[in-house]
Amino acid sequence: MNRRGERRSRRTGTAGGRIRGPDGGTRADTTNDQDRSTPGAQVRGGQDHDGTRPLDVIVVGGGAAGLSLAHRLARRGDLTVTVVEPPDGPLRPPERTWCYWAAGPDDFAGALEATWSRLRIHGRDGTGITVDPAPLQYRMLRSAPFERLVHSALGRNPRTTLLRATAETVREVPGGAEVRCTAPGGGTRILRAARVFDSRPPRVLPPARTLLLQHFRGWFVRTAADRFDPAVADLMDFRVPQPRHGLAFGYVLPLAADHALVEYTEFSRTPLSRPEYEAALEHYCRSVLRLGLYTVEAAEQGVIPMTDARFPRRAGRAVFRIGTAGGATRPSTGYTFAAVQRQSRAIAAALAEGRDRVPPPHGRRALAMDAVLLRALDTGRIDGPDFFTRLFGRTPAERLLRFLDGATTPREDLGIGLHTPVGPMLRTALELPFLPRRSRPAPSVTPRDEESR
Ligand SMILES: Cc1cc2nc3c(=O)[nH]c(=O)nc-3n(C[C@H](O)[C@H](O)[C@H](O)COP(=O)(O)OP(=O)(O)OC[C@H]3O[C@@H](n4cnc5c(N)ncnc54)[C@H](O)[C@@H]3O)c2cc1C
């Protein structure tokens, strides 16, 4: 299962896209890849760090995890918080979309792009399984409106600050920790706080037995005729050619009858080149979805490690890792955003009680089951498309999503486990303790993409 959603090119809106016909021919030009600039150069509350008085909290990195935590702490209102986020440039990730499921009110309701109350999976044979996960809803947030919403909330709190600077080092000092930053002009800035929450992406992944990559490219397409059902999100569509290793699927998030994010995703060891993604997307749009004439308005690409590595959550007495860097990405799905919200709530609650503890983003049982699944997929012992199709077809949707949130009981987990190929899964579980763990570099966001330009 995967995640994500839509974004329109802010540079050109619907203009200047690529228009393709059923024959794949190009009528006009230039795919509008995302504009990397982000609004909100500097948000400053009434208090800035003056170099003499330590802050309560420094959050390093203003992405999904950093801003979610800062948002929660700002709502508490009594802590001095500074978020350190680099100026526009190579360290800032491109604009992207986060999808997650949730019930009830949403902290980021003002930035939500779309919601769906029905989800669908297509098996390899074309059978569609549509489910209603009520009371859960599938939700889509774009990173730019999310940032604007959080930046404006931080700006309203005189005790919070967003500092545009690059964190170079984070180290413990008596009474807390120190973050040494480089300002956009080149000067050095040193911040001190009682606690630092660091969300910078790791350069090297912790040692793991299995590392698969969830890698994908998506197009925001506008069709000439109405082709989508805006009420249903297609989470996994296995009617695409399967790779020799791992699995592949389409992912469709309709935003209107003629407008959707359409993605091609693989769980495998190596990302594709951009032309390879484009060929797979073109085939999916043309031959599987039969979109007819369509315009590609923008594109999104990414790679998310799916690993049984153990991410340390603590880098010192006063330094904690959060977000992907702290293991918030669910190994079997790549979903991270919801875990980041749970973790932010828990950290805020711990700080309110004066406790220094970052709870694990995922429970042990969930991680153990994911380790088995990843290894079984990687070895080819189970057939990925059949596995996910069967799981969706046989487990009530709400329970399956709760399972992916780590919120099911052991009994429910057992029931779900019995819908999987028990023999290969057991064999994999028995061999796991004897497998070595290896460190590997973290994959870059657009690997091999640059080569192909
Ligand atoms: C394209 C894409 C789509 C995804 N879609 C989904 C989805 O739909 N649902 C889901 O649950 N998960 C999704 N994920 C996975 C995950 O939710 C995201 O990767 C998410 O952004 C992780 O949050 P984070 O805060 O850990 O990392 P990021 O959001 O990447 O934030 C890290 C921050 O650290 C900053 N930084 C880096 N270096 C420095 C430095 N030296 N000093 C200061 N700051 C620094 C960066 O600028 C960045 O803002 C997606 C991932 C990608 C790549």
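Residues numbered from 1 in each chain as written. Predicted model: local features only at pLDDT ≥ 70, side-chain atom pairs only at ≥ 80, totals over all residues.

- With an unreviewed UniProt entry as reference, the protein chain is termed FAD-binding protein, source organism Streptomyces composti.

**Topic: the overall build of the protein chain**
Argument step 1. If you tally the helices and strands in the protein chain, you get 9 helices and 20 strands.
Argument step 2. Here the protein chain, with 453 residues, has 47% of them falling under the buried criterion.
Argument step 3. Taking the contacts inside the protein chain whose residues are at least 6 apart along the sequence as the reference set, 76% of them involve residues at least 24 apart. (Helix = DSSP H or I, 4+ residues; strand = E, 2+ residues; numbered from the N terminus. Buried ≥ 20, exposed ≤ 12 C-beta atoms within 10 Å, placed from the backbone. Contact = placed C-beta atoms within 7 Å.)

**Remarks on the pairing of strand S14 (residues 211–223)**
Argument step 1. Along S14, 13 of the 13 residues are buried, which leaves the element largely enclosed by surrounding structure.
Argument step 2. Neither face of S14 is left uncovered, since the one carrying Leu211, Leu213, His215, Arg217, Trp219, Val221 and Thr223 and the one carrying Leu212, Gln214, Phe216, Gly218, Phe220 and Arg222 both have all their residues buried.
Argument step 3. Two elements, S14 and strand S17 (residues 259–268), share 10 bridges in a ladder whose sense is antiparallel. Residue pairing for S17: His215 is matched across the bridge by Glu266. (Pairing = 2+ DSSP bridges.)

**Some details on the nonpolar core**
Argument step 1. Ranked by size, the top nonpolar core spans 115 residues in total, and within it Ile58, Ala70, Val196 and Val262 carry the most contacts.
Argument step 2. The biggest single contributor to this core is helix H5 (residues 364–378), with 8 residues.
Argument step 3. Setting aside residues up to four positions removed in sequence, Ile58 forms contacts with Thr82, Val84, Val179, Leu191, Ala193 and Val196. (Core = buried A, V, L, I, M, F, W, Y, C linked by C-beta atoms within 7 Å.)

**Regarding the environment of Gly123**
Argument step 1. By the secondary structure assignment, Gly123 is in the loop between strand S6 (118–122) and strand S7 (128–131).
Argument step 2. On the basis of neighbour count, Gly123 is assigned to the partly exposed category, with 19 C-beta atoms found within 10 Å.
Argument step 3. Spatially, the C-alpha atoms of Gly123 and Phe238 are 5.3 Å apart, while their sequence positions differ by 115 residues.
Argument step 4. Filtering out sequence-adjacent residues up to four positions away, Gly123 remains in contact with Phe238, Pro385 and Thr389.

**Examining unusual backbone geometry**
Argument step 1. The omega torsion across Ala134 and Pro135 is 10°, close enough to zero to call that bond cis.
Argument step 2. Positionally, Pro135 belongs in the loop between S7 and strand S8 (137–142).

**With respect to H5**
Argument step 1. With 15 residues, H5 ought to run about 21 Å at 1.5 Å a step, and its terminal C-alpha atoms sit 21 Å apart, in line with that.
Argument step 2. Within the span of H5, buried status applies to Ala366, Met369, Asp370, Ala371, Val372, Leu373, Leu374, Arg375, Ala376 and Leu377.
Argument step 3. In this fold, the buried residues of H5 make contact with S14, S17, strand S18 (294–307), helix H6 (384–394), helix H8 (410–417) and helix H9 (422–431).
Argument step 4. Phi turns positive one or two residues past the end of H5, at Gly380, with a value near 75°. (Expected span 1.5 Å × (residues − 1).)

**Brief notes about the sheet that holds strand S4 (residues 97–102)**
Argument step 1. The sheet built from 3 strands is open, its strands ordered S4-S8-S5 with antiparallel pairing. In the strand order of this sheet, the two ends are held by S4 and strand S5 (112–116), each with one partner. With direction set aside, neighbouring strand axes in the sheet form an average angle of 20°.
Argument step 2. Of the pairings in the sheet, the one linking S5 to S8 comprises 4 bridges and is antiparallel in character. Within the sheet, the bridge partner assigned to Trp116 lies in S8 and is Tyr138. (Axes fitted to C-alpha atoms, helices over the stretch in contact; angles between N-to-C directions.)

**Re the packing of helix H1 (residues 64–76) against helix H4 (residues 337–352)**
Argument step 1. With their axes 9 Å apart at the nearest point, H1 and H4 run at an angle of 35° to one another. In this structure, H1 meets H4 at a crossing whose hand is right-handed. Side by side, H1 and H4 meet where Ala64, Ala65, Ser68, Leu69, Arg72, Leu73 and Arg76 of the first sit next to Phe337, Val340, Gln341, Ser344, Arg345, Ile347, Ala348 and Ala352 of the second.
Argument step 2. Classifying every residue of the contact of H1 with H4 by side-chain character gives 9 nonpolar, 3 polar and 3 charged. (Left-handed = near helix turned anticlockwise from the far one by under 90°. Nonpolar A, V, L, I, M, F, W, Y, C, P; charged D, E, K, R; others polar.)

**Here we look at the packing of H1 against helix H2 (residues 143–156)**
Argument step 1. For the pair H1 and H2, interaxial distance at closest approach is 10 Å and the crossing angle is 35°. Note that H1 runs across H2; the crossing there is left-handed. Every residue of H2 that contacts H1 at Leu67, Ala70, His71 and Ala74 is listed here: Glu147, Val150, Ala153 and Leu154.
Argument step 2. Of the residues in the contact of H1 with H2, the class split is 6 nonpolar, 1 polar and 1 charged.

**Focus on the confidence of the model for the protein chain**
Argument step 1. On average, the protein chain scores 87 in pLDDT, and the residues at 70 or more come to 87%.
Argument step 2. Here residues 1–49 is modelled with pLDDT under 50, and outside its nearest four sequence neighbours on either side it reaches 129 contacts, counting other chains as well.
Argument step 3. Contacts from residues 446–453, a stretch scored under 50 in pLDDT, to residues over four places away or in other chains number 11 contacts. (pLDDT = per-residue confidence, 0-100.)

**Details of the environment of Arg437**
Argument step 1. One can find Arg437 in the loop between H9 and strand S20 (438–441).
Argument step 2. By the C-beta count within 10 Å, which is 13 here, Arg437 ends up partly exposed.
Argument step 3. Between the C-alpha atom of Arg437 and that of Pro206, which follows or precedes it by 231 residues, the distance is 8.7 Å.

**Side note on the pairing of strand S2 (residues 55–60)**
Argument step 1. In terms of burial, S2 is a largely internal element, 5 of the 6 residues being buried.
Argument step 2. Examined bridge by bridge, S2 and strand S12 (residues 188–198) share 5 bridges and lie parallel to one another. When the bridges of S12 are listed, Leu55 appears paired with Ala193.
Argument step 3. Bridge count between S2 and strand S3 (residues 81–85): 4 bridges; the pairing is parallel. Pairing of Val60 across the sheet is with Val84, part of S3.
Argument step 4. Note on the crossover from S2 through H1 to S3: the handedness is right-handed. (Right-handed = clockwise from strand over helix to strand, strands pointing away.)

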